[in-house]
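# Fold and geometry: a report
Okay, here's what each chain looks like letter by letter:
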Amino acid sequence: MISTPSKEVQPEEKWEDNGPSRRAKWWYSTFHTVTAMIGAGVLSLPNAMAYLGWGPGIVMMLLSWCLTLNTMWQMIQLHECVPGTRFDRYLDLGRHAFGAKLGPWIVLPQQLIVQVGCDIVYMVTGGKCLKKFMEIACTDCTQLKQSYWILIFGAIHFFLSQLPDFNSVAGISLAAAVMSLSYSTIAWVACLARGQIDNVSYAYKKTSNIDFMFRLFNALGQVSFAFAGHAIVLEIQATIPSTPEKPSKIPMWHGAIGAYFINAICYFPVALVGYWAFGQAVDDNVLVGLERPAWLIASANLMVFIHVVGSYQVYAMPVFDLIERMMIRRLKFPPGLALRLVARSAYVAFTLFIGVTFPFFGDLLGFFGGFGFAPAAYFLPSIMWLIIKKPKRFSINWFINWASIYVGVCIMLASTIGGLRNIVADASSYSFYT
C-alpha cells in the first residue's frame, strides 16, 4: 500500500498548485476528453481503411473502440484506488503500481511520447489546414509555403501557453470539442454528397510487398492514434471534486461515456463513408480530396484548425506542469511569470521545430500512434489493473485484460516500425523547409 502524500508544501512549491483546482463539472471531462481524443487522426481513418480493407478495417476499429473504452474505465476506477489518496497524474499511478523507482521509467516516457507527439502532429495539422483554408477562401492571394503556416500556428501557442491550468482553457477546449464534431460530420456528409469517384477501387493499394507491409503496419498506428485521451485522463479527473458520498469516478465516467459516444458518431461514419467514396485513392487527410462545395471544405479546414488549437493546449498542460516542477525542484528556478514564460515558450518552440522539419502527417500519426498511444491506451492500464486489483485468474476480467495487452503490444511493435520506416522513406524525397 502507498502512504498518503504529505500535506506539507515547501516554499518553492507553493506557487505550483498544491494540487490541481478541483472545481470542474462532469461535462468538463466530456469536452476535455473529446478534444484530446477526436483529433486530426479521424481524418486519416479512410486512408487506414485503404490498407486494411473493409473487413479487417471495421474489426480493428470496433476492437479498438471497445478495448480503449475498457481501459478508460480502468483508469477512472484506479484514480482513487487507495482510500484518502488521489492519483492526479498518470505518473503517480505508475509509481503506485510498479514501485517508486521503476514506475517513472515505465509510465513517464510513454506519457510524454503521447503528449509531445500529439502536439507535434497538431503543429503540422494546424498549419496544413490553415494553408488549405486560405487557398480556398482567397484564390487571388499570394500563397505562402506550408512551413510558414506551421510557424503561424506555432506563434498562436506562444501566447495561449501562458494560460495557467486546465480550467483556464475550458472555453477553448469546449470550442475545440464542438469543432471536432462539426468537421467530422462535414467530412463524411461531403463524401456522401460527392459520391464515389470514377472507377473507384477497394483493392489493396498497389505497391511492392515490402512497402505494403510497412504501410499496413502504419495503418494500425493511425487507428490507435485515433483512440487517445488515456495519457491525460487522470489529470482531467483530478480537476473534479470528490467526496466519500460522490467520488470523482462517477462524474468522470459519465463524461467518458459521453466522449466515447461522440467518438463513435465521428469516427465510424468518416472512416466508412470516406473509404466508400475514394477507395484506394483516398488521401491521408480525407478533406484534401474534397473540392466542392468550396465554402464547406474551407469551413471544415478552419474547424480543424480551431480544434487542434484547443487539443494542443489540452495535451501540453501536463507537460508544462512537469517541466515547471522539474525546473523549480532540480534547477532551483525561481517560481513566477518568468518561469512560465521560459519553460512553456521553450516547449512550444521545440514542437514547432520538429513539426516544420518533419511535416509527414500520416507517417507521424502511425509512428506516434504505435510508439506512444498503444501502450498508454491499450495495455499499460490493463497491466496496472492486474497488479493493483488482482482479478481472479482465468476470469472474464482477466482474459479481457490479457487480450488488451496482447493486441496493444502487437500494434505498438508493428506500427512503430511501419511509421518510422515511412518517415525515413518519405524524407528521402522531401525538400525540407519548403
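Residues numbered from 1 in each chain as written. Predicted model: local features only at pLDDT ≥ 70, side-chain atom pairs only at ≥ 80, totals over all residues. Heavy atoms only, no water.

Named according to an unreviewed UniProt entry, the chain is Amino acid transporter transmembrane domain-containing protein originating from Canavalia gladiata. Taken verbatim from the UniProt record of the chain, the Subcellular location (unreviewed entry) comment is "Cell membrane". (UniProt positions renumbered as here; feature names shortened; annotations may be inferred.)

## A word on the overall build of the chain
Regarding its fold elements, the chain presents 14 helices and 0 strands. Along its sequence from the N terminus, the chain presents helices and strands in the succession α-α-α-α-α-α-α-α-α-α-α-α-α-α. Taking all 434 residues of the chain together, 57% fall into the buried category. Accessible surface computed for the chain: about 18100 Å², of which carbon and sulfur atoms make up 68%. (Helix = DSSP H or I, 4+ residues; strand = E, 2+ residues; numbered from the N terminus. Buried < 20%, exposed > 50% of the residue type's maximum accessible area, 1.4 Å probe, protein only. Areas by Shrake-Rupley, 256 points an atom, 1.4 Å probe, with all protein chains shown as cover.)

## Brief notes about the packing of helix 11 (residues 294–329) against helix 12 (residues 337–357)
The N-to-C vectors of helix 11 and helix 12 enclose an angle of 130°; their axes lie 10 Å apart at closest approach. The orientation of helix 11 with respect to helix 12, classified from their angle, is oblique. Here helix 11 runs over helix 12; the crossing is right-handed. For the pair helix 11 and helix 12, the contacting residues are Y312, A316, M317, V319, F320, I323, E324, M327 and I328 in the first and L339, R340, V342, A343, R344, Y347, V348 and T351 in the second. (Axes fitted to C-alpha atoms, helices over the stretch in contact; angles between N-to-C directions. Parallel < 35°, antiparallel > 145°, perpendicular 65-115°, else oblique. Left-handed = near helix turned anticlockwise from the far one by under 90°. Contact = heavy atoms within 4.5 Å.)

## So, the packing of aromatic side chains
Enumeration according to the criterion identifies 13 aromatic pairs in this entry. With a centroid separation of 5.7 Å and 70° between ring planes, the pair formed by F153 and F305 is classed as edge-to-face. Residue F153 is located in helix 6 (residues 146–160), and its partner F305 is located in helix 11; the two are separated by 152 residues in the primary sequence. Here F153 and F305 have matching classes, each one buried. Here K389 stacks its cationic end above the ring of W385, 5.7 Å away from the centre of that ring. (Phe/Tyr/Trp six-rings, centres within 6.5 Å; stacked < 30°, edge-to-face > 60°. Lys NZ or Arg CZ within 6 Å of the ring centre and 35° of its normal.)

## Topic: the packing of helix 2 (residues 45–52) against helix 10 (residues 249–278)
Two measures define how a pair of helices packs: the angle their axes make with one another and the distance between the axes. Contact geometry for helix 2 and helix 10: axes closest at 8 Å, N-to-C directions at 55°. With respect to their mutual orientation, helix 2 and helix 10 come out oblique. Regarding helix 2 and helix 10, the two cross each other, and that crossing is right-handed. Counting all contacts with helix 2, which are made through L45, P46, M49 and A50, the residues of helix 10 involved are Y267, V270, A271, L272, G274 and Y275.

## Comments concerning the pattern of salt bridges
For the structure shown, the criterion picks out 5 salt bridges. In this structure, D321 and R89 form a salt bridge, with 2.9 Å as the shortest nitrogen-oxygen distance. Note that D321 is positioned in helix 11 and R89 in the loop between helix 3 (54–78) and helix 4 (90–98), a separation of 232 residues in sequence. Its relative accessible area of 18% is what places R89 among the buried residues. With a shortest N-O distance of 2.5 Å, K131 and E135 are connected by a salt bridge. Of this pair, K131 and E135 both sit in helix 5 (residues 102–137), 4 residues apart, which is roughly one turn of that helix. Here the salt bridges do not stand alone but share partners, grouping R89, D92, R95 and D321 into one network. (Salt bridge = Lys/Arg side-chain N within 4 Å of Asp/Glu carboxyl O.)

## Notes on unusual backbone geometry
The phi dihedral of N199 falls on the positive side, at around 55°, and the residue is not glycine. For N199, the location among the structural elements is in the loop between helix 7 (170–194) and helix 8 (209–225). Located in the positive-phi region is K390, a residue other than glycine, with phi close to 50°. With respect to the helices and strands, K390 occurs in the loop between helix 13 (361–389) and helix 14 (396–427). For K390, a relative accessible area of 60% gives the class exposed.

## A short note on the confidence of the model for the chain
Interpreting fine coordinate detail is not advised for predicted regions of low pLDDT. The pLDDT averaged across the chain works out to 80; a share of 86% of its residues lies at or above 70. Taken element by element, the predicted model of the chain shows its lowest mean pLDDT in helix 1 (residues 26–37) (72) and its highest in helix 3 (90). Taken together, the stretch residues 1–18 has pLDDT below 50 and engages in 25 contacts with residues farther than four places along the chain or on a different chain. (pLDDT = per-residue confidence, 0-100.)

## A look at the environment of I58
Of note, I58 is situated in helix 3. With a relative accessible area of 30%, I58 lands in the partly exposed category. Through-space distance from the C-alpha of I58 to that of L272 is 8.2 Å; in sequence the pair is 214 residues apart. If we skip the residues at most four places from it in the chain, I58 touches M49, G53 and L272.

## Focus on the side chain of R86
Within the element layout of this structure, R86 appears in the loop between helix 3 and helix 4. There is no salt bridge for the buried R86, and the closest opposite charge comes from E80, which lies 4.2 Å off by N-O distance. A polar atom in the side chain of R86 sits 2.8 Å from the backbone oxygen of I240. (Lys, Arg positive; Asp, Glu negative; His and termini not counted. Polar contact = N/O pair within 3.5 Å; in protein donor to acceptor, adjacent residues only side chain to side chain.)

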